[in-house]
Amino acid sequence: MAIDRRREAAGGGPGRQPAPAEENGSLPPGDAAASAPLGGRAGSGGAEIQPLPPLHPGGGPHSSCCSAAAAPSLLLLDYDGSVLPFLGGLGGGYQKTLVLLTWIPALFIGFSQFSDSFLLDQPNFWCRGAGKGAELAGVIGSGRWGDVGNWTSSPTTPFSTAAWGAPGNRSNSSGANGGDTPPLPSPPDKGDNASDCDCHAWDYGIRTGLVQNVVSKWDLVCDNAWKVHIAKFSLLVGLIFGYLINGCIADWVGRRPVLLFSIIFILIFGLTVALSVNVTMFSTLRFFEGFCLAGIILTLYALRIELCPPGKRFMITMVASFVAMAGQFLMPGLAALCRDWQVLQALIICPFLLMLLYWSIFPESLRWLMATQQFESAKRLILHFTQKNCMSPESDIKGVMPELEKELSRRPKKVCIVKVVGTRNLWKNIVVLCVNSLTGFGIHHCFARSMMGHEVKVPLLENFYADYYTMASIALASCLAMCVVVRFLGRRGGLLLFMILTALASLLQLGLLNLIGKYSQHPDSELHLKLAVGMSDSVKDKFSIAFSIVGMFASHAVGSLSVFFCAEITPTVIRCGGLGLVLASAGFGMLTAPIIELHNQKGYFLHHIIFACCTLICIICILLLPESRDQNLPENISNGEHYTRQPLLPHKKGEQPLLLTNAELKDYSGLHDAAMAGDGLPEGATANGMKAM
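Residues numbered from 1 in each chain as written. Predicted model: local features only at pLDDT ≥ 70, side-chain atom pairs only at ≥ 80, totals over all residues. Heavy atoms only, no water.

### A look at the overall build of the chain
Each helix and strand counted, the chain has 26 helices and 6 strands in total. Looking at the chain as a whole, 58% of its 693 residues are labelled buried. Taking contacts inside the chain between residues at least 6 apart in sequence as the whole, the part at least 24 apart equals 82%. Element-wise, carbon and sulfur atoms account for 66% of the exposed surface of the chain, whose accessible area totals about 27600 Å². (Helix = DSSP H or I, 4+ residues; strand = E, 2+ residues; numbered from the N terminus. Buried < 20%, exposed > 50% of the residue type's maximum accessible area, 1.4 Å probe, protein only. Contact = heavy atoms within 4.5 Å. Areas by Shrake-Rupley, 256 points an atom, 1.4 Å probe, with all protein chains shown as cover.)

### Observations regarding the packing of aromatic side chains
Evaluation of the coordinates by the stated rule reveals 18 aromatic pairs. Judged by centre distance (5.1 Å) and plane angle (20 degrees), the ring pair of F269 and F288 falls under stacked. Here F288 lies in helix α13 (residues 279-307) and F269 lies in helix α12 (residues 255-273), a separation of 19 residues in the sequence. For the pair Y468 and Y469, a centre-to-centre distance of 5.6 Å together with 90 degrees between the ring planes defines the contact as edge-to-face. Of the residues examined, Y469 reaches a relative accessible area of 28% and is grouped as partly exposed. Feature note: the residues F118, F329, F464, Y465, Y468 and Y469 constitute an aromatic cluster, connected by ring pairs. The positively charged end of R256 is found above the aromatic ring belonging to W359, 5.5 Å away from the centroid. (Phe/Tyr/Trp six-rings, centres within 6.5 Å; stacked < 30°, edge-to-face > 60°. Lys NZ or Arg CZ within 6 Å of the ring centre and 35° of its normal.)

### A word on the pattern of salt bridges
In this structure the tally under the stated criterion is 9 salt bridges. Across the salt bridge formed by R367 and E635, the nearest N and O atoms sit 2.8 Å from each other. Of this pair, R367 sits in helix α17 (residues 366-371) while E635 sits in the loop between α25 (604-622) and α26 (637-641), and the two are 268 residues apart along the sequence. Each member of the pair, R367 as well as E635, carries the same accessibility label: buried. The shortest N-O distance in the salt bridge between E376 and R380 comes to 3.9 Å. Taken together, the residues E376 and R380, both in helix α18 (residues 375-388) and 4 residues apart, mark about one turn of the helix. Its relative accessible area of 38% is what places E376 among the partly exposed residues. Through salt bridges with shared partners, a single ionic network connects D251, R255, E306 and R575. (Salt bridge = Lys/Arg side-chain N within 4 Å of Asp/Glu carboxyl O.)

### Focus: the confidence of the model for the chain
Reading fine detail from the predicted coordinates is not recommended where pLDDT is low. Summary statistics for the chain give a mean pLDDT of 73 and a share of 66% for residues scoring 70 or more. This model gives residues 132-195 a pLDDT under 50, and the stretch forms 164 contacts once residues within four places in sequence are excluded. In the model, residues 454-461 has pLDDT below 50 throughout and makes 18 contacts with residues more than four positions away in sequence or in other chains. (pLDDT = per-residue confidence, 0-100.)

### Description of empty space enclosed by the protein
In the structure shown here, the tally under the stated rule is 5 cavities of 30 Å³ or more. Each pocket or cavity is described by its volume, and for the second largest cavity that value is around 110 Å³. Lining the second largest cavity are 15 residues, and of these E306, L307, S365, L366 and F385 lie nearest its centre. Residue assignment for the lining of the second largest cavity shows that the elements contributing at least two residues are α5 (79-86), α6 (93-113), α13 and α17. Element by element, the count of residues in the lining of the second largest cavity is highest for α13, at 3 residues. (1 Å grid on protein atoms, 1.4 Å probe; cavity = no way out; pocket = protein on both sides within 12 Å on 5 of 7 lines; lining within 4 Å. Points joined across faces, edges and corners; volume = space filled by probe spheres on them.)

### Looking at the packing of α13 against helix α14 (residues 313-338)
For the pair α13 and α14, the least separation of the axes is 9 Å and the interaxial angle reads 150 degrees. Judged by the angle between their axes, α13 and α14 are roughly antiparallel. The handedness of the crossing between α13 and α14 is right-handed. On α14, the residues touching Y301, R304 and I305 of α13 are R313, I316, T317 and A320. Across the contact of α13 with α14, the residue classes tally to 4 nonpolar, 1 polar and 2 charged. (Axes fitted to C-alpha atoms, helices over the stretch in contact; angles between N-to-C directions. Parallel < 35°, antiparallel > 145°, perpendicular 65-115°, else oblique. Left-handed = near helix turned anticlockwise from the far one by under 90°. Nonpolar A, V, L, I, M, F, W, Y, C, P; charged D, E, K, R; others polar.)

### Regarding a nonpolar patch on the surface
A grouping of F241, L244, I245, I249, W252, V253 and L581 is seen on the molecular surface, where their side chains present a nonpolar patch of about 580 Å² in accessible area. One can find W252 in helix α11 (residues 226-253). You can call W252 partly exposed: its relative accessible area is 45%. (Patch = residues over 30% accessible without salt bridge, like charges linked within 9 Å, V, L, I, M, F, W, Y side chains within 5 Å.)

### A look at the nonpolar core
Residues F282, I296, L344, F352, L366 and M370 are the most contacted members of the largest nonpolar core, which totals 141 residues. In terms of residue count, α13 provides more of this core than any other element does, 15 residues in total. Those residues in contact with L344 that sit more than four places away from it in its chain are F118, L119, L210, M331, L334, A335 and C338. Counting 12 residues, the second largest nonpolar core, distinct from the first, contains F447, M452, I474 and A505. (Core = buried A, V, L, I, M, F, W, Y, C linked by side-chain atoms within 4.5 Å.)

### As for the side chain of K379
Tracing the backbone shows K379 in helix α18. The class of K379 is buried, set by a relative accessible area of 19%. Sequence-distant contacts of K379, that is, excluding residues within four places in its chain, are made with M401, L404, E405 and L408.

### Side note on helix α20 (residues 426-452)
In a regular helix each residue adds 1.5 Å, so 27 residues correspond to 39 Å; α20 covers 40 Å between its end C-alpha atoms and thus fits that length. Burial analysis of α20 places 22 of its 27 residues in the buried class, which makes it a mostly covered element. (Expected span 1.5 Å × (residues − 1).)

### What to know about the environment of A503
Locating A503 in the fold gives a position in helix α21 (residues 464-519). Owing to a relative accessible area of 3%, A503 belongs among the buried residues under this scheme. The spacing of A503 and C618 is 115 residues in sequence and 9.5 Å in space, taken between C-alpha atoms. Once you skip the residues sitting within four places of it in the chain, A503 turns out to touch T615, L616 and I619.

### Remarks on the packing of α13 against helix α24 (residues 575-598)
Two elements in contact, α13 and α24, have axes whose closest approach is 10 Å; the angle formed by their N-to-C orientations is 125 degrees. Between α13 and α24, the interaxial angle falls into the category oblique. In this structure, the crossing between α13 and α24 has a hand that is right-handed. Contact residues: α13 offers L298, Y301, A302, I305 and E306, while α24 offers R575, C576, L579, G580 and L583. When its residues are assigned to classes, the contact of α13 with α24 shows 7 nonpolar, 1 polar and 2 charged.

Shown next as structure tokens:
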């Protein structure tokens, strides 16, 4: 009865008051449905946009003026359904060129992201004056050939999660040992100088193909080893701040200015890093380099998403990921070619000079201009697109340009990411994806250390290149698996599957292997008698490696898919801000690796347990997310707010639902009540288009 009375009262009439427009250019809930795109297709993952009732056709003399004052033409807000097809979709030659221009820098980004593995790798070192040949002879003669690579440094863990390759190296000299890691024996003929850190001059054996790196240049060993970890997470901290700040700026001033200024400043700071005179200057400049690199990564990711139609978004994004991985695979060859860390740093940064040409050839995001109602600039850009694609005006079947001419006098309406705090559903979706990203990237290091750490003795993994390419191959296999899984299960189903695999690998590694170790200490127990037959320390190590590989494989996919998922469900007006939050969460997850290494691995086990518990929480939260496969991108906060999960058991037609729908509830996000006239809405209509039958 209450619902019926509310519908009758909102039916529209002469006395109806106009509803004011939102700051972001969206309509009140009733008008938002009419302004929603009409060309979207419902994803097969079981979730869709909640339908919103439009204004009643006979809503009184004030209805048309209210709609005109609240939002522009429905055609202009339907970017994926009208504007993008008018421009030729991804089939236009100019659009293909722009997508290609977003792929090429991914190679340069891959070089920068994985440079820490080479610039800051902890080399083998010994006191100057002790002959390396004599040491080798002594090690071979003593039968400890397997320990040659570990005279004064333990096996490293090249921590290369989904996007960053900062190796977790530890010096095993007595001044750097800590926790439960036993000191490794020193070569027989170099005395106690290296182990006691009494030398004043060192010789280094660098394993990464360089003759000199940052550690060897400034003798960052023994008492100065902690400075290496500071230098490692200076880049990560810069990335975190860059994602958060550049994301907000890109939503306010546009993607293109942030991209171009980030390119200019990364050239300045990146090249200055190669001229550093001490490790303090190096670490400080690496922070600003990371800040600018974050602006490039963020804006290119958003531009790539906003250029594509719904069916091509994931494929275009994955191609960029594969290009970045090509940079990871090419880095060892680049390091061997340069031989010096300063030359390597300069060679990594110099390709960004080519991106200065983007100032003249790369336009602003047309989708962002339309969403923020900058129709004057949007008109010029549409004419530029049609000219580049050699299109005739007759191709504008839906009449986009005539409608655009009527809206040129509108004032731009921009939004900051803080606006999401007042929403009911959107902020929950973003928070869930932030926690998923934090967990995926954070637990990746736990699996990497379990496989590469000192407790697992595998001769193959004691080699730097074997470590590096093992991690890169796991990441490549993970991306290939993502392409297949997401195609069949969708975004939400794929994320849920990979998170379950991550949780299983973590719990089995923490629980099963520790249980085996516990009962192996009690020879009188019956369980020990059964396990002792087929279980030994070597078998236990192999199980640990297997669980670690599965965990790295799945956690890499969780982190990458969380970022992409956020880019799809966040409205265009705040897309860079939402992406910045999820990418910053990923940076916080990766930041735990150098922090724990700075404390000599103390707290590592607790670190793994905390992230394992987070995986269980994430499995539950993922079920609350919508499915975005084949859905149009939400353009304003009103669209994103109604981007909700479809009920598992929808009510039958004509049946009174137990709970009010979003259109019937008063939204406390600041959106105003609107007229309720559900009878005028087609049955299959949604806020993102027509539901596929």
